[in-house]
Amino acid sequence: MTYVEDELNSQPACWTRAAAEAARHTAALPAAGERVAVVGCGTSYFMAQSAAALREGAGLGETDAFAASEFPRGRAYDRVVALTRSGTTTEVLTLLARLKGRTRTVALTADPQTPVMTAADDVVVLDFADERSVVQTRFATTALTLLRAHLGLHSEAVVADARAALTAELPEGLVERTQFTFLGRGWTVGLANEAGLKMREASLSWTEAYPAMEYRHGPISISTAGTATWMIGEAPGGLAEQVRDTGAQWVSSELDPLAELVRAQRLAVAVAAARGLDPDRPRHLTRSVVLAP
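None of these values were measured; they are calculated from a predicted model.

A.B. asks: Account for unusual backbone geometry, naming residues and giving values.
C.D. replies: Of note in this structure, Leu 204 is not a glycine but carries a positive phi near 55°. Residue class for Leu 204 comes out partly exposed when judged on its relative accessible area of 37%.

A.B. asks: With reference to specific residues and values, describe the sheet that holds strand E9 (residues 249-251).
C.D. replies: Overall, parallel pairing links the four strands, which are arranged E7-E6-E8-E9 in an open sheet. The open sheet is flanked by strand E7 (206-211) and E9, the only strands paired with a single partner. Here the strands of the sheet are splayed against their neighbours by 20° on average, with no regard to which way each runs.

A.B. asks: Would you mind going over the environment of Glu 260 in detail, with residue names and values included?
C.D. replies: Turning to its location among the elements, Glu 260 is positioned in helix H10 (residues 257-274). Along the sequence, Glu 260 and Asn 9 sit 251 residues apart, while their C-alpha atoms lie 13 Å from each other. When sequence neighbours within four positions are dropped, the list of residues in contact with Glu 260 reads Trp 230, Ile 232, Ser 252, Ser 253, Glu 254 and Leu 255. At 2.5 Å, the side chain of Glu 260 forms a polar contact with the side chain of Arg 263.

A.B. asks: Before we move on, could you go through the pairing of strand E4 (residues 104-109) and cite the residues and values that matter?
C.D. replies: The buried fraction of E4 is high, at five of six residues. Relative to E4, strand E3 (residues 79-84) runs parallel, the two being bridged by six bridges. When the bridges of E4 are listed, Val 80 appears paired with Thr 105. Pairing analysis gives four bridges linking E4 to strand E5 (residues 122-125), with the strands arranged parallel. Note that in E5 the partner of Thr 109 across the bridge is Val 125.

A.B. asks: How would you sum up the pattern of salt bridges? Please name residues and give values.
C.D. replies: Close approach of charged atoms allows side chains with opposite charge to pair. If you walk through the whole model with that rule in mind, you get 13 salt bridges. Between Lys 100 and Asp 121 there is a salt bridge, with its nearest N and O atoms 3.8 Å apart. Of this pair, Lys 100 sits in the loop between helix H4 (90-99) and E4 while Asp 121 sits in the loop between helix H5 (116-119) and E5, and the two are 21 residues apart along the sequence. Judged by its relative accessible area of 29%, Asp 121 is partly exposed. Two residues, Lys 198 and Glu 194, come together in a salt bridge whose shortest N-O distance is 2.4 Å. Of this pair, Lys 198 and Glu 194 both sit in helix H8 (residues 188-203), four residues apart, which is roughly one turn of the helix. Overlapping salt bridges bring together Arg 17, Glu 21 and Arg 24 as one network.

Calculation criteria
Going along each chain's sequence as written, the residues are numbered from 1 onward. Whole-chain, interface and lining totals are the exception, using all residues; otherwise, since this is a predicted model, local features are given only for residues with pLDDT of at least 70 and side-chain atom pairs are given and counted only at 80 or more. The basis for every side-chain value is the complete set of heavy atoms in the structure, and neither hydrogens nor water enter the calculation. Note on classification: 1.4 Å probe, protein chains only; a residue is buried when its accessible area is under 20% of the maximum for its type, exposed when over 50%, partly exposed between these limits. Being paired, for any two strands, means DSSP has found at least two bridges between them. Helix numbers and strand numbers start at the N terminus; a helix is a DSSP run of H or I with at least 4 residues, a strand a run of E with at least 2. The convention used is that axes are lines fitted to C-alpha atoms, helices contributing only their stretch in contact, and that angles between N-to-C directions extend from 0 to 180 degrees. Here, two residues are considered to be in contact whenever any of their heavy atoms come within 4.5 Å of each other. Two N or O atoms count as a polar contact when they lie within 3.5 Å, although within protein this holds only if one can serve as hydrogen donor and the other as acceptor, and sequence-adjacent residues are included solely when both atoms are side-chain atoms. A pair is scored as a salt bridge if a Lys or Arg side-chain nitrogen falls within 4 Å of a carboxyl oxygen belonging to Asp or Glu.

Following this line, the structure appears as structure tokens:
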């Protein structure tokens, strides 16, 4: 078993622990009514997109998401939440240094022996969800689970769905597809982006991701026999039929969207295996992007 497989299989237990610990971190995490930005890089950026949409959708305050390198200068926030598994990512540390003394910051990280521990005003350490693999799975979903629990949006049903996602058979013929598109709506757009990234990282797949309603505005033109379109969350009316009419395989979502992401992680590993690739050694990637001064 690869590191990626072992780590993605541990997600239900990690989510349960994160949800149980969320109350301990209330003071560090955004309060209702605060204006908040959530930042990260790569997978963490896509989790930031989901977290921001969940918080604002719950009516708890205006919440934006940015890639750490694209944080807008001069924009005021009450608190900035930084997601960084390694605690060493250059863009995140640079942003936290820039905000020091001006904006309250909190970092969610997996490694307490890294520079982020002093770079942020508050730190939430999820070391039980740390990973040996380059390709992120459990840290990202555990961090998002902690934030969902803080928002009052987590339940044990989510964990049950994650267990189901680990045991259910993938749709027949899906692994053999040559191109994959993931769709989301609201907070699941970030999950769709992350599902696409997992496919690219682990299996070198041609993969795209879009807000579901945007898919009709051009991207559907590439759908054909041999491609697959996977909806994470509830699909817009009529979209499944339109995709099937192109000859593409339609994959619907019946589980909690975060558990649906687990199914997509499994697909990435399965496609890698079918292509003779090692998902623990993704091409051109390292565990953390640390730039030279």
